[in-house]
Amino acid sequence: NRKGIGLASKIYANDNNSNWMIPAHMPWEITGQTIDYLNNAGGVKECFPETTEPGQVGYDREQQSESPTQQNPDGGSTAVSTTRAYWMLVRSGAISVQGFICPSSGDREVRTVNVRVFYDFSCYTNVSYGYQVPFGPRDARLTDGRDPRLVVAADKGPYYLDTFEPTFLTRTGDMLTLDDAPRRWRPYNSPNHRRTGQNCLFLGGNVSFERDPAVGIDADNIYTLMVDQWDGTGFNRIHGDSPHFSDPLFPFPGQDALGAGLGHHASTDSLIYP
């Protein structure tokens, strides 16, 4: 499935000036507004008839998200789920809804008659994979020109349902390192494979099953936001923050990793969500 999604995304990029899927939205740079792509309700355990909280998969799924226009330069959607990017492939016919279900996850494909009527999956349990958060500065978004070692998609991460704050501590109170056994990393892995690891799609097109989430460029944790300043220890690349506990509230990949301000983000940060 991950390989198929990667191939369809590459084909999409070939027809879109090398740019991967980005749902229409209010760009961060225009007014300083941030994009609410997070599940703010917390504790989402099942599909509801109607999803009402911004950030939830399926929020306003019958409504097309919008970008600013010349007539309305301050317009555009600000509450957009990342999974709308995957639905762009569904609407185009590149991948069926079954192609977004991991057999090990317990998820079930969305039941819908005409996929072109909708703009997102129904809910969290209808899609098994997370995507590189596509909202933020232009040079932080996904294009084929980025480093091919960047993880751009993977089994969905551990933070959507319960939004717990990661500590990265072992039972003895020590900080986790890359030398620790994979079992110690299990709380921070995807729930899809009983937290034994995750299938990761790299921008170069290869897919591998990884036993811990620190697998991106420079051992970047793919499910956390790179925070604070870049340093030689690699601490903020291996550990980082859950998006739900970052500052400001609605972050983009690599935010402030090289200093405060829009021009100081890191383009090497994977941030897979949900």
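Relevant structure appears above.
Residues numbered from 1 in each chain as written. Predicted model: local features only at pLDDT ≥ 70, side-chain atom pairs only at ≥ 80, totals over all residues. Heavy atoms only, no water.

Among the five residues that make up strand S2 (residues 151–155), five are buried, leaving the element largely enclosed by the rest of the structure. In this structure, strand S1 (residues 129–132) lies alongside S2, joined through three bridges in antiparallel fashion. From the neighbouring strand, Gly130 faces S2, where its bridge partner is Ala154. Strand direction decides the pairing type here: S2 and strand S3 (residues 198–202), joined by three bridges, are antiparallel. Bridged to Ala154 within S3 is Cys200. (Buried < 20%, exposed > 50% of the residue type's maximum accessible area, 1.4 Å probe, protein only. Helix = DSSP H or I, 4+ residues; strand = E, 2+ residues; numbered from the N terminus. Pairing = 2+ DSSP bridges.)

A few words on the pattern of salt bridges. With the rule as written, the count across this model stands at five salt bridges. Arg184 is paired through a salt bridge with Asp180; the nearest N and O atoms lie 3.9 Å apart. (Salt bridge = Lys/Arg side-chain N within 4 Å of Asp/Glu carboxyl O.)

What follows concerns the sheet that holds strand S4 (residues 207–210). With respect to topology, five strands assemble into an open sheet ordered S4-S3-S2-S1-S5, the strand pairing being antiparallel. For this open sheet the edge positions go to S4 and strand S5 (272–273), each flanked by a neighbour on one side alone.

Note: disulfide means a covalent bond formed between the sulfur atoms of two cysteine side chains. In this structure the tally under the stated criterion is zero disulfides. Free of any disulfide, Cys102 has its nearest cysteine sulfur in Cys200, 12 Å distant. In this structure Cys200 comes out as buried when scored by relative accessible area, which is 0%. (Disulfide = S-S within 2.5 Å.)

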